[in-house]
Amino acid sequence: MGFKPLPIGVDDFEEIISKGYYYVDKTLMIKELLDKKGKVNLFTRPRRFGKTLNLSMLRYYFEDTGDAEVNRGRAELFSGLAAAKAGEEYTREMGQYPVIMLTLKSAKQGSFAMAYASLKQAIMWEFQRHEKIVKGKLEHPQDIKIYEAICRDQGEDSDYYSSLAFLSRCLYEAYGRKCIILIDEYDVPLESAYFGGYYEEMSEFIRSLFESALKTNPCLEFAVITGCLRVSRESIFMGLNNLKACSILDENYGEHFGFTESEVRLMLSFYGREGH
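In this report, the structure presented in the accompanying data block is examined. (Residues numbered from 1 in each chain as written. Predicted model: local features only at pLDDT ≥ 70, side-chain atom pairs only at ≥ 80, totals over all residues. Heavy atoms only, no water.)

1. Let's talk about helix α4 (residues 68–77)
Right, so step 1: Three or more residues of α4 are buried, namely Asn71, Arg74 and Leu77. Mapping the buried residues of α4 onto a view down its axis gives an arc of 105°, with all of them on the same face. Projecting away from the buried face of α4 at angles above 90 degrees are the exposed residues Glu69, Arg72 and Glu76.
Right, so step 2: Tucked into the core, α4 has its buried residues touching α1 (13–18) and α3 (51–62). (Buried < 20%, exposed > 50% of the residue type's maximum accessible area, 1.4 Å probe, protein only. Helix = DSSP H or I, 4+ residues; strand = E, 2+ residues; numbered from the N terminus. Arc of directions from axis to C-beta. Contact = heavy atoms within 4.5 Å.)

2. Quick notes on the nonpolar core
Generally speaking, a soluble globular protein has its nonpolar side chains buried in company with each other.
Right, so step 1: Formed by 50 residues in total, the largest nonpolar core has its most connected members in Met202, Phe205, Phe210 and Leu214.
Right, so step 2: Beyond its immediate chain neighbours, meaning those up to four positions away, Phe205 contacts Tyr116, Leu119, Ile123, Tyr160 and Tyr161.
Right, so step 3: Core analysis: the next-biggest nonpolar cluster, separate from the first, contains 31 residues, Tyr23, Met29, Leu55 and Phe78 among them. (Core = buried A, V, L, I, M, F, W, Y, C linked by side-chain atoms within 4.5 Å.)

3. Re the packing of helix α6 (residues 112–134) against helix α9 (residues 163–175)
Right, so step 1: At their nearest, the axes of α6 and α9 sit 11 Å apart, and the two run at 15° to each other. The angle between α6 and α9 falls in the class roughly parallel. Note on packing geometry: the crossing formed by α6 with α9 is left-handed. Each of Ile123, Glu126, Phe127, His130, Ile133 and Val134 in α6 lies in contact with α9, whose residues at this interface are Ser163, Phe166, Leu167, Cys170, Leu171, Ala174 and Tyr175. (Axes fitted to C-alpha atoms, helices over the stretch in contact; angles between N-to-C directions. Parallel < 35°, antiparallel > 145°, perpendicular 65-115°, else oblique. Left-handed = near helix turned anticlockwise from the far one by under 90°.)

4. So, helix α10 (residues 188–196)
Right, so step 1: When α10 is considered as a whole, its buried residues turn out to be Val188, Pro189, Leu190, Ser192 and Ala193.
Right, so step 2: For α10, the secondary structure elements touched by its buried residues are α6 and α11 (199–214).
Right, so step 3: In the stretch just after α10, Gly197 is the one whose phi turns positive, near 85°.

5. Here we look at the pairing of strand β4 (residues 220–227)
Right, so step 1: Within β4, 7 of the 8 residues are buried, which leaves it mostly tucked inside the rest of the structure.
Right, so step 2: Pairing analysis gives 5 bridges linking strand β1 (residues 40–44) to β4, with the strands arranged parallel. Bridging across to β4, Asn41 finds its partner in Val224.
Right, so step 3: Bridge count for strand β3 (residues 179–184) against β4 is 5 bridges, and the pairing is parallel. For Ile183, the partnering residue across the bridge sits in β4 and is Ile225. (Pairing = 2+ DSSP bridges.)

6. Things to note about the packing of α6 against α11
Right, so step 1: For the pair α6 and α11, the least separation of the axes is 10 Å and the interaxial angle reads 20°. The orientation of α6 relative to α11 falls into the category roughly parallel. Where α6 crosses over α11, the handedness of that crossing is right-handed. Of the residues in α11, those touching α6 at Phe112, Ala115, Tyr116, Leu119 and Ile123 are Glu201, Met202, Phe205, Ile206 and Leu209.
Right, so step 2: Along the lines of polarity and charge, the residues of the contact of α6 with α11 split into 9 nonpolar, no polar and 1 charged. (Nonpolar A, V, L, I, M, F, W, Y, C, P; charged D, E, K, R; others polar.)

7. Details of the packing of aromatic side chains
Given two aromatic rings, their pairing is described by the distance between the two centres and the angle made by the two planes.
Right, so step 1: All chains considered together, the criterion is met by 18 aromatic pairs.
Right, so step 2: With 4.8 Å between their ring centres and 25° between their planes, Phe13 and Phe78 make a pair best called stacked. Here the residue Phe13 occupies a position in helix α1, and Phe78 occupies one in the loop between α4 and α5 (88–91), the gap between them amounting to 65 residues.
Right, so step 3: One aromatic cluster in this structure is built from Phe13, Tyr23, Tyr60, Tyr61, Phe62, Phe78, Tyr97 and Phe222.
Right, so step 4: One residue, Arg59, lies across the ring of Tyr60, its end atom 5.5 Å from the ring centre. (Phe/Tyr/Trp six-rings, centres within 6.5 Å; stacked < 30°, edge-to-face > 60°. Lys NZ or Arg CZ within 6 Å of the ring centre and 35° of its normal.)

This is the structure in structure tokens:
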């Protein structure tokens, strides 16, 4: 068994697997998500607990890229891992869904204008990522107009406030399948807004963004949201009666974030034997 480098600062699942970094298998989180069938799942964990890596892992597992060769390459990333051994009822879900993945970490800004501009840019990049597949599949001229405007950073404010719901509908039209939505570091813009004095403006935007996409959205398969802090249900998740929140104190999904005692012992044993 050769030495494997630790993936310090690496949170992309494909990079960790393809470049041979040491990886503690957390892929049974996929099975647990499918078994529990939560519509909107919120995970709050401290920093460096693998939240972004897990979302990346979910994206590579579930996402249909529209390219059969790329999909096969992604399936190979899971070869030998627990998710690939979980059974056909789980592996048949691999590469079957359009996936929206949005990180809100860029919104750590001192003013609402700067934070809002950063979020608009992140939304623009996600629209651009899907543009090749969506282009030509939209039937209504107004939908085409809005999609192109967001891709060019020229959308109206109202377009961005409901952008995730709109993108999920566009992807449903393009694929004919419901969409998985992954949102990372949802609390960053809210924490920055609280200390920057623009919390009301930011909470209004985040509430609209989330509610339009996550509440009674017929194009949503399920969603996973991560962050360090639990922002109160009354302020952000108002009306989301389909929300399942899971903090560090919950036993559910506990082994899929951070490291268990047995995992730490395994790593110490591995590096001890290799003399590193």
